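Per-entry structural report
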Amino acid sequence: MSAPRIIRAAAIQIAPDLESTDGTLARVLEAIDEAADRGAQLAVFPETFVPYYPYFSFVRPPVQMGADHLKLYERAVTVPGPVTQAVAEKAKSRGIVVVLGVNERDHGSLYNTQLVFDADGSLRLKRRKITPTYHERMVWGQGDAAGLKVVDTAVGRLGALACWEHYNPLARYALMTQHEEIHCAQFPGSMVGQIFADQMEVTIRHHALESGCFVINSTGWLSDEQIQSITPDAGLQRALRGGCHTAIVSPEGVHLAPPLTEGEGMVVADLDMALVTKRKRMMDSVGHYARPELLSLAINDRPASTTVALHDTSLRSTADEHDHDPRRLQPATDDGPAVVRLAAG
């Protein structure tokens, strides 16, 4: 028998600084220290926590949110940049894996981006939410499948999705096919009310069961003072309360500690990695329980680009070789996938 492998994880529920990127970053670094002091080897933060989730877009019509949108541009994170450097240095100094949600600025566009820092400080993954939800489409651009990757880290094979990406079964299956051991889920929190928290719990527990992995879920938190600063309308303020469910779930769909639904804090639990095999012995969605000859997943994992260098001889030769292949290379504006990776286990 192999020696037990136990990973201590921390799911962090925390409020941002709505006025300062540096203020939110300071809270991140302090929380990493607290998690490490409690023995955590993995710390997961909420969705787009730095500088803050764009709550304004949920309660204001587009015509009134221009000034707040521009502030978010000014405060957004460049990757790499000062924020990523500070988090990388902290992760390395404390020997902890950190999963952080940021508003990423890439020239004239903002993206909902998830960053995974390994315990040595290296940035192992940068991925963008593939489809912003509802009001978020006024704020962020779309991501691509190049980020649907599971990465090896000091705590194991780790993947991440943001918020309602968990309602996209093919996105989740893409991570399952890469044998995800720990899934990091991020939601904004302080939105919609109790129904959001209830739906969130169902979603993360189902993913844990279906994929046979641990799920670490973190949601944000807003104080009453912060809610009032976002909107003075008492009716709209109700839309910015509730919806918090910070939790850690085992591959058997069991909470490993009581979830946190109010206030700031962190849920800390030990992950017995033997439970992954215990669950998959019964049901491995991408192994003995899969039927790839009946059902499989095609993934276009080429990074999205507004240009394709058709003059490049390497691309031209590839196109020539597959001249009669219906999946031959096409410009990025074409709907047909240029590179198809079949994933079925």
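Preceding block: the structure.
Below is a short write-up of the structure. Every chain is numbered on its own, with residues counted from 1 as its sequence reads. The model is predicted, so local features are restricted to residues of pLDDT at least 70 and side-chain atom pairs to those at 80 or more, both for listing and for counting; the totals for chains, interfaces and linings are taken over all residues. Where side-chain values are given, they derive from all heavy atoms of the structure, hydrogens and water being excluded.

Helix and strand definitions here come from DSSP, where helices need a minimum of 4 consecutive H or I residues and strands a minimum of 2 consecutive E residues; each element is numbered from the N-terminal end. For the protein chain, the count of helices and strands is 10 helices and 13 strands. Accessible area is worked out with a 1.4 Å probe on protein chains only. A residue is then buried under 20% of its type maximum, exposed over 50%, and partly exposed in between. Burial statistics for the protein chain: of 345 residues in total, 53% are counted as buried. Should any heavy atoms of two residues lie within 4.5 Å, those residues are considered in contact. By sequence separation, contacts in the protein chain at least 24 residues apart represent 72% of the contacts at least 6 residues apart. A 1.4 Å probe and the Shrake-Rupley method give the accessible areas. Residues count as covered only by the protein chains that appear here. Carbon together with sulfur atoms contributes 53% to the accessible area of the protein chain, which is approximately 15,800 Å² in total.

For helix α3 (residues 66-75), every residue scored as buried is listed here: D68, H69, L72, Y73 and R75. Looking at the buried side of α3, the elements it contacts are α1 (21-37), α2 (56-59), β3 (97-106) and β4 (109-117).

Looking now at helix α5 (residues 169-176). For α5, a buried count of six out of eight residues is recorded, marking the element as mostly surrounded by other parts of the structure. Those residues of α5 not exposed but buried are A171, R172, Y173, A174, L175 and M176. Polar contact criterion, stated in full: a pair of N or O atoms within 3.5 Å, where within protein one must be able to donate a hydrogen and the other to accept it, and residues adjacent in sequence count only if both atoms are side-chain atoms. Two or three places before L170, at the opening of α5, N168 has a side-chain oxygen 3.1 Å from that residue's backbone nitrogen.

What follows concerns the sheet that holds strand β5 (residues 123-128). At least two bridges found by DSSP between two strands is the condition for calling them paired. Sheet architecture is open: six strands sit in the order β5-β4-β3-β2-β1-β11, paired in mixed fashion. The open sheet has two edge strands with one neighbour each: β5 and β11 (265-272). Neighbour-to-neighbour, the strand axes of this sheet turn through a mean angle of 25°, independent of strand direction. Note that strand β1 (residues 6-13) and strand β2 (residues 42-44) share three bridges and pair parallel. Pairing of A10 across the sheet is with A43, part of β2. Axis lines are fitted through C-alpha atoms, for helices just across the contact stretch, and the angle between N-to-C directions can take any value from 0 to 180 degrees. Along the sheet face, helix α4 (residues 82-94) touches β3 and β4 and points at about 10° away from the line of β4.

We now examine the side chain of T246. Along the polypeptide, T246 turns up in the loop between α8 (234-237) and β10 (247-249). In this structure the side chain of T246 is engaged in a polar contact, spanning 2.7 Å, whose partner is the side chain of Q13. Sequence-distant contacts of T246, defined by excluding residues within four places in its chain, comprise A11, I12, Q13, N217, S218, T219, P259, L260 and V267.

Salt-bridge detection follows one rule: a side-chain nitrogen of Lys or Arg within 4 Å of a carboxyl oxygen of Asp or Glu. Going through the model one piece at a time under the given rule, you end up with 19 salt bridges. The shortest N-O distance in the salt bridge between D33 and R94 comes to 2.9 Å. Of this pair, D33 sits in helix α1 while R94 sits in helix α4, and the two are 61 residues apart along the sequence. Take R94: its relative accessible area is 30%, and that puts it in the partly exposed class.

Looking now at the packing of aromatic side chains. Aromatic contacts are taken between Phe, Tyr and Trp rings whose centres are within 6.5 Å, Trp giving its six-membered ring; a plane angle under 30 degrees counts as stacked, one over 60 as edge-to-face, and the others as tilted. In the structure shown here, the tally under the stated rule is five aromatic pairs. Centroid distance F187 to F196: 5.9 Å. Interplanar angle 70°. Geometry classified as edge-to-face. Taken together, Y53, Y55 and W140 form an aromatic cluster joined through their ring pairs. Whether a charge sits over a ring depends on NZ of Lys or CZ of Arg being within 6 Å of the ring centre and within 35 degrees of the ring normal. For the cation-ring pair, R128 lies above Y111, with the distance from its terminal atom to the ring centre recorded as 3.8 Å.

The five strands lie next to each other as β6-β7-β8-β9-β10, forming an open sheet whose pairing is mixed. Edge strands, defined here as strands with exactly one partner in the open sheet, are β6 (151-153) and β10. Geometrically, the sheet is characterised by an average inter-axis angle of 25° between neighbouring strands, direction not taken into account. Note: strand β8 (residues 182-187) against strand β9 (residues 214-219), six bridges, orientation parallel. Looking at the pairing, H183 lines up with V215 of β9. Where helix α6 (residues 194-211) meets the sheet, its contacts fall on β8, β9 and β10, and the angle it forms with β9 comes to roughly 160°.

Positionally, L222 belongs in the loop between β9 and α7 (224-230). Look at L222 and you get buried, because its relative accessible area is 2%. Sequence separation between L222 and M191 is 31 residues, and the spatial gap between their C-alpha atoms is 9.2 Å. Not counting chain neighbours up to four residues away, the residues in contact with L222 comprise P16, L18, Y55, S190, I227 and I230.

Here we come to the pairing of β4. Each regular strand shows side chains that alternate between the opposite faces of the sheet. In terms of burial, β4 is a largely internal element, eight of the nine residues being buried. Bridge analysis of β3 against β4 gives nine bridges, and the strand direction is antiparallel. Across the sheet, the residue bridging to V102 is T113, located in β4. Between β3 and β4, which pair antiparallel and follow one another directly, the connecting turn spans two residues, one of which, H107, has a positive phi of 55°. Two elements, β4 and β5, share five bridges in a ladder whose sense is antiparallel. What sits directly across from T113, in β5, is R128. Hairpin connection from β4 to β5: five residues lie between these consecutive antiparallel strands, with G121 at a positive phi of about 90°.

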